[in-house]
Each structure stands twice: as structure tokens, then as C-alpha cells.
Amino acid sequence: MLTAVDHVQLAAPPGSEDALRRYYVDVLGMTEIPKPPVLAARGGCWFGAGAVQLHLGIEADFRPARKAHPGLRVTGIEAYAARLKSLGASVTWDEDLPGYRRFYSEDPVGNRLEFLESDV
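Report on the accompanying structure. Because the structure is predicted, anything quoted here is derived from the model rather than measured. (Residues numbered from 1 in each chain as written. Predicted model: local features only at pLDDT ≥ 70, side-chain atom pairs only at ≥ 80, totals over all residues. Heavy atoms only, no water.)

A separate point is the sheet that holds strand 6 (residues 92-94). Here we have four strands laid out as an open sheet, ordered 5-8-7-6, and mixed in their pairing. The open sheet has two edge strands, strand 5 (71-73) and strand 6, and neither has a second partner. Here the strands of the sheet are splayed against their neighbours by 30° on average, with no regard to which way each runs. Here three bridges tie strand 5 to strand 8 (residues 112-118), and the two strands are oriented parallel to one another. Paired with Gly71 across the bridge in strand 8 is Glu114. Set on the sheet, helix 3 (residues 77-86) makes contact with strand 6, strand 7 (100-106) and strand 8; between it and strand 7 the angle comes to about 15°. (Pairing = 2+ DSSP bridges. Helix = DSSP H or I, 4+ residues; strand = E, 2+ residues; numbered from the N terminus. Axes fitted to C-alpha atoms, helices over the stretch in contact; angles between N-to-C directions. Contact = heavy atoms within 4.5 Å.)

As C-alpha cells, this is what we get:
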């Protein structure tokens, strides 16, 4: 029986770890999670915020996920979007999901991320 999503893995190109850290830590406000040494040798980085974990793994022939994306719930979505924009991240609002305010952004390597908050 499934009980929860443990993490979401996204891919990134070799050598992008510093840019990923700037975005996920400085812009999104997540914390870097130390990877176990055997996995750290492969590159990439892991990030967390509360129960949310995003793992960025290195892929030699990387192509960003343009349609596939994690959907991340936030509180104070207007202020969160303003924070992202003020720090140089893209914010594209989408009003097509009834009952939610949501926007999309992209990480520095082009992976799509959805941020949403219930209207209820």
C-alpha cells in the first residue's frame, strides 16, 4: 500500500550543482540535504522543506522536463511568487485549475516547477 511520496527526482546537467543550490536554497528557501557519500560521488544535490524533498541527479545527456513537473503546495502564494520574481526567477500564472491559485517557474537548468495554493 502506498502511503506517501518520499521525494521527487529531477535531472540536471553535469556541473550545474552551484546554480541549483542558488535556486533551491536562496530563491525557493529550501535546505540542502547531505547525500550519502556513495551517492554524493555521482554529483547532484538534494533539497528539502518540511516534508517535501527534491533530488537533482546528474544526467550526461540532460534535457529539462518541460511538461513533467512536481506540484509544490505553498502558503501565501502571492508573496511567494513576488519573492521568486524579486530574486530573478520566472513566474507564469495559470488560472486553469478550479479551486487553486497556481504559477509555474523554471529552475536554472530549465526544469518546470508548479506552485499552488488552494482557494478554499
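Right, let's talk about the sheet that holds strand 3 (residues 45-49) for a bit. Across a sheet, strands are paired by hydrogen bonds formed along the backbone, either parallel or antiparallel in direction. Strand order in this open sheet of four strands is 1-4-3-2, and the pairing throughout is mixed. Strand pairing shows two members of the sheet lacking a second neighbour, strand 1 (8-12) and strand 2 (31-33), which therefore form its edges. Within this sheet the neighbouring strands show an average axis-to-axis angle of 30°, counted without direction. Looking at chain direction, strand 1 and strand 4 (residues 52-58) are connected through five bridges and run parallel. Bridge pairing links Leu10 to Leu56 in strand 4. Lying on the sheet, helix 1 (residues 17-27) is in contact with strand 1, strand 2, strand 3 and strand 4; it crosses strand 3 at an angle near 5°.

Pairs can form between side chains of opposite charge once their charged atoms are near each other. In total, this model carries seven salt bridges according to the counting rule given. Residue Glu106 is joined to Arg66 by a salt bridge in which the shortest nitrogen-to-oxygen separation is 3.2 Å. Here the residue Glu106 occupies a position in strand 7, and Arg66 occupies one in the loop between strand 4 and strand 5, the gap between them amounting to 40 residues. By relative accessible area, Glu106 is classed as partly exposed at 36%. You can call Arg66 exposed: its relative accessible area is 53%. Linking Arg102 and Glu114 is a salt bridge whose minimum nitrogen-to-oxygen distance equals 3.1 Å. Separated by twelve residues along the polypeptide, Arg102 in strand 7 and Glu114 in strand 8 bring together distant segments of the chain. Of the two residues, Arg102 and Glu114, neither departs from the other in class, the shared state being buried. Taken together, the salt bridges that share partners define one network made up of Asp18, Arg21 and Glu32. (Salt bridge = Lys/Arg side-chain N within 4 Å of Asp/Glu carboxyl O. Buried < 20%, exposed > 50% of the residue type's maximum accessible area, 1.4 Å probe, protein only.)

Before going further, it helps to examine helix 3. Three or more residues of helix 3 are buried, namely Ile77, Tyr80, Ala81 and Leu84. One side of helix 3 carries all its buried residues, which in axial view fall inside an arc of 100°. Exposed and oriented more than 90 degrees from the buried face of helix 3 are Ala79 and Ser86. Buried positions along helix 3 lie against helix 1, strand 6, strand 7 and strand 8. The first or second residue beyond helix 3 is Gly88, which carries a positive phi of 90°. (Arc of directions from axis to C-beta.)

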